[in-house]
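The residues making up each chain are set out below.
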Amino acid sequence: MPATPKTPRVSAQPGRARDAAIEEMIRVDHAGEYGAVRIYEGQRAVFRYLPHKQEIAAALERMAKDEEVHLARFSEIVNERGVRPTAFAPVWHVAGFALGAATALLGEKAAHACTAAVEEVIDEHYRSQVNRLDQMGEEEEPLRDTIEKFRLEEVQHRDEAIEAGAKEAPAYPLLSGAIKAACRLAIKVSEKV
């Protein structure tokens, strides 16, 4: 008897697909904010003790504080909703710090280029999530509002980095493109794993 093709089964659990989508959003946003904190830690490790770099050190400190607030809130949401964090947290711990330190070692403009590239991807990512949450109705409005608030703060970081000379970094298109590609890959991995 020939095998009949299986049709995809609709989940027997009502709302499971929606719940899975929300869990992915929370997991990846938690991971992303963790990575952002680590990037700023790497950059600050380079600039912090250099007397002639106090202006950028202060700017990075202020942006890092925003990311720490974002991470703290997503940590609360992870716990409130029982979402499993990404298994890649140890990788993002090292990779985030390394990216931050490496771009800072290339100079202020490269550090700003890193911020601009990361925040551009995050703006796109958060905007997409906000649009998806808008379609889910009032139940997810608090999560939607949190993500939108954080998105606007990330856009401020991007704009500040561009104003500070991000696009003047050596090989800016290459550097920016590589960082954006890495961020998009990290997003895909963190959603699922």
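Quick summary incoming for the structure in this document. (Residues numbered from 1 in each chain as written. Predicted model: local features only at pLDDT ≥ 70, side-chain atom pairs only at ≥ 80, totals over all residues. Heavy atoms only, no water.)

### Considerations on the overall build of the protein chain
Of the regular secondary structure elements, the protein chain holds six helices and zero strands. Secondary structure elements in the protein chain, listed N-terminal to C-terminal, are α-α-α-α-α-α. Structurally, the protein chain occupies a C-alpha span of about 75 × 40 × 25 Å along its principal axes. Nonlocal contacts in the protein chain, meaning residues at least 24 apart in sequence, comprise 84% of its contacts between residues at least 6 apart. Working note: accessible area of the protein chain is about 10500 Å², and carbon and sulfur atoms make up 59% of it. A distance of 6 Å separates the average location of the 26 positive side-chain charges in the protein chain from that of its 32 negative side-chain charges. (Helix = DSSP H or I, 4+ residues; strand = E, 2+ residues; numbered from the N terminus. Contact = heavy atoms within 4.5 Å. Areas by Shrake-Rupley, 256 points an atom, 1.4 Å probe, with all protein chains shown as cover. Lys, Arg positive; Asp, Glu negative; His and termini not counted. Charge placed at Lys NZ, Arg CZ, Asp CG, Glu CD.)

### Some words on the pattern of salt bridges
Under the counting rule described, the total for this entry stands at 20 salt bridges. In this structure, Arg-127 engages Asp-123 in a salt bridge whose closest nitrogen and oxygen atoms are separated by 3.2 Å. You can see Arg-127 and its partner Asp-123 sitting in helix 4 (residues 108-135), four residues apart, about one turn around the helix. On the basis of relative accessibility, which here comes to 41%, the residue Arg-127 falls in the partly exposed class. Arg-158 is the salt-bridge partner of Asp-123, the closest N and O atoms lying 3.3 Å from each other. Of the two residues, Asp-123 sits in helix 4 while Arg-158 sits in helix 5 (residues 141-163), which places them 35 residues apart along the sequence. On the basis of relative accessible area, Asp-123 is assigned to the buried category, the value being 8%. Sharing partners across several salt bridges, the network here consists of Asp-123, Arg-127, Glu-148, Arg-151, Arg-158 and Asp-159. (Salt bridge = Lys/Arg side-chain N within 4 Å of Asp/Glu carboxyl O. Buried < 20%, exposed > 50% of the residue type's maximum accessible area, 1.4 Å probe, protein only.)

### Topic: the side chain of Asp-123
Within the structure, Asp-123 has its side chain in polar contact with the side chain of Arg-158 (distance 3.3 Å). If near-sequence neighbours (up to four positions away) are discounted, Asp-123 is found in contact with Arg-151, Val-155 and Arg-158. (Polar contact = N/O pair within 3.5 Å; in protein donor to acceptor, adjacent residues only side chain to side chain.)

### Thoughts on helix 3 (residues 89-105)
Each α-helix winds once per 3.6 residues, and so residues spaced three or four apart point in a common direction. Compared with the 24 Å implied by 1.5 Å per residue over 17 residues, the 24 Å span of helix 3 between its first and last C-alpha is a close match. Of all the residues in helix 3, the buried ones are Trp-92, Gly-96, Gly-100, Ala-101, Thr-103 and Ala-104. Looking one or two places after helix 3, you find Gly-107, whose phi comes out positive at around 120°. (Expected span 1.5 Å × (residues − 1).)

### Quick look at the environment of Arg-158
Residue Arg-158 is classed as buried on the basis of its relative accessible area of 16%. In this structure, Arg-158 is in contact with Ala-116, Glu-119, Glu-120 and Asp-123, ignoring residues within four places of it in sequence.

### Overview of the packing of aromatic side chains
This model, assessed by the stated rule, comprises two aromatic pairs. With 5.7 Å between their ring centres and 70° between their planes, Phe-74 and Phe-150 make a pair best called edge-to-face. Here the residue Phe-74 occupies a position in helix 2 (residues 54-81), and Phe-150 occupies one in helix 5, the gap between them amounting to 76 residues. Its relative accessible area of 0% is what places Phe-74 among the buried residues. (Phe/Tyr/Trp six-rings, centres within 6.5 Å; stacked < 30°, edge-to-face > 60°.)

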